[in-house]
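Each chain, letter by letter, is given below.
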Amino acid sequence: AITTGATLVLVPKRLFALPPKLLDYLCDKKVTVMVWAVSALCLISSLKGLKYKIPEDARLIMFSGEVMPVKQMRLWQQALPQTEFVNLYGPSEITCNCTWYPVQREFQDGEVIPAGKAFNGRTVFLLDDTGAEITEPGKTGEICVAGESLADGYYHNEEETARRFVQGIIASTGETARYYKTGDLGYYGEDENLYFAGRKDFQIKHMGHRIELEEIERSMTALDGVEKSCCVFDMEKNRIMGFYLGEKAASDVRKQMKEKLPVYMVPTKLIQVDEMPLNKNGKTDRNYFK
């Protein structure tokens, strides 16, 4: 903002609990470029805020932090057909995004918006469980990042720094460099874009199958009448718990999920909630449901 002569607009946190006032604020300030968490965008679109008012001055909206549900993405694209939307990906440790993907079409239910390709000055690659680099499409591995904006490490935490910041040869470039193991899973598509596939932390073993909780969430959120969802694994009772925001009855959600997913991926218990809590980073607060 300083180098381009623009005005920097910081949205008061309290407005994120009041979508109409938030939209009034964006319109009054004539905001042209928005850099937002996915949860903030979904808060407006899922609560029908775009039917109240559209921030028509926005020419560019960049979003990150979580996977953008394609159903919510379409609502924004339909409300602002001339606006450019860009999906960003990256951990704070690379300060703070490293890939980008311009969303230039409407994605349909069941599709995933790509994380895209690396920024200049960044290297993004995948490693399998043996530490070998993955190059073929469709094979999932841990996303690793390197580049000129990589952090030095964690403050006063040498053990975690040594575990996550690694010195090694990056096979795709042939160079020896420091890189960061993100703990995120990803894969390459046939289009050569990187796709986010969830957190290693959210990968569970249930009924003899390895399951990505975020894959269940994508399927649930794609249902008509469901605006957002969150799944957690109850280790004590060995069951998947599903929480969702929307108007559809839990019995109807279960019925439709059984038509789309294997039985071992359908949550044992589905609970309708009035709001989806967010953590201090603006992401869905999974710990709230545990």
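Predicted model, so just to flag it, every value in this text is computed and none were measured. (Residues numbered from 1 in each chain as written. Predicted model: local features only at pLDDT ≥ 70, side-chain atom pairs only at ≥ 80, totals over all residues. Heavy atoms only, no water.)

**Q** An account of the overall build of the protein is requested, with residue identities and associated values reported.
**A** From N to C terminus, the protein includes seven helices and 16 strands. What you see for the protein is a C-alpha radius of gyration of 20 Å, in line with the 19 Å of a compact globule of 290 residues. With the C-alpha coordinates aligned to their principal axes, the bounding extent of the protein is approximately 55 × 55 × 40 Å. A total of 290 residues make up the protein; the buried ones form 47% of that total. Look at the contacts in the protein between residues 6 or more apart in sequence, and 56% of them connect residues 24 or more apart. Counting only carbon and sulfur atoms, one obtains 49% of the accessible surface of the protein, whose full area is about 16,000 Å². Distance between charge centres in the protein, computed from 37 positive and 40 negative side chains, equals 5 Å. (Helix = DSSP H or I, 4+ residues; strand = E, 2+ residues; numbered from the N terminus. Rg over C-alpha atoms; globule rule 2.2 N^0.38 Å. Buried < 20%, exposed > 50% of the residue type's maximum accessible area, 1.4 Å probe, protein only. Contact = heavy atoms within 4.5 Å. Areas by Shrake-Rupley, 256 points an atom, 1.4 Å probe, with all protein chains shown as cover. Lys, Arg positive; Asp, Glu negative; His and termini not counted. Charge placed at Lys NZ, Arg CZ, Asp CG, Glu CD.)

**Q** Residues and numbers for the nonpolar core, please.
**A** Counting 27 residues, the largest nonpolar core has M68 and W76 as its most contacted members. Within the residue set of this core, elements represented by two or more residues are α1 (19-28), β1 (33-37), α2 (38-46), β2 (60-64), α4 (70-79) and β4 (99-103). Ranked by the residues each element gives to this core, the list is headed by α2, at five residues. The residues touching M68, leaving out its near neighbours within four places in the chain, are V38, L41, C42, F63, M73, W76 and I113. Counting residues in hydrophobic clusters, the runner-up holds 21 residues, among them V124, I143, A146 and Y179. (Core = buried A, V, L, I, M, F, W, Y, C linked by side-chain atoms within 4.5 Å.)

**Q** Quick one: what's the story with the side chain of T182, residue by residue and with numbers?
**A** Relative to the helices and strands, T182 is located in strand β10 (residues 175-188). A polar atom in the side chain of T182 sits 2.9 Å from the backbone nitrogen of D184. Setting aside residues no more than four positions away along its own chain, T182 makes contact with Y89, P91, E142, I143, V145, R164 and R199. (Polar contact = N/O pair within 3.5 Å; in protein donor to acceptor, adjacent residues only side chain to side chain.)

**Q** Lay out the sheet that holds β4 with the relevant residues and their values.
**A** With mixed pairing, five strands are arranged side by side in an open sheet as β1-β2-β3-β4-β5. Looking at the sheet topology across the chains shown, the edges are occupied by β1 and β5 (117-118). Two elements, β2 and strand β3 (residues 84-89), share four bridges in a ladder whose sense is parallel. Opposite F63, over in β3, you have N87 as the bridge partner. (Pairing = 2+ DSSP bridges.)

**Q** Please give an account of the pattern of salt bridges that cites residues and values.
**A** Within the structure shown, the criterion is met by 15 salt bridges. For E214, the salt bridge identified is with R286, shortest N-O distance 3.8 Å. Placement of the pair is E214 in helix α6 (residues 213-221) and R286 in the segment after β16 (269-273), with a sequence separation of 72 residues. Residue class for R286 comes out buried when judged on its relative accessible area of 13%. Linking E217 and R286 is a salt bridge whose minimum nitrogen-to-oxygen distance equals 2.7 Å. With E217 in helix α6 and R286 in the segment after β16, this pair connects stretches of sequence that are 69 residues apart. (Salt bridge = Lys/Arg side-chain N within 4 Å of Asp/Glu carboxyl O.)

**Q** Can you tell me about the environment of K30, naming the residues and giving the values?
**A** Inspection of the secondary structure assignment puts K30 in the loop between α1 and β1. C-alpha separation for the pair K30 and D57, spaced 27 residues apart in sequence, amounts to 5.7 Å.

So yeah, pure geometry; function would need other evidence.
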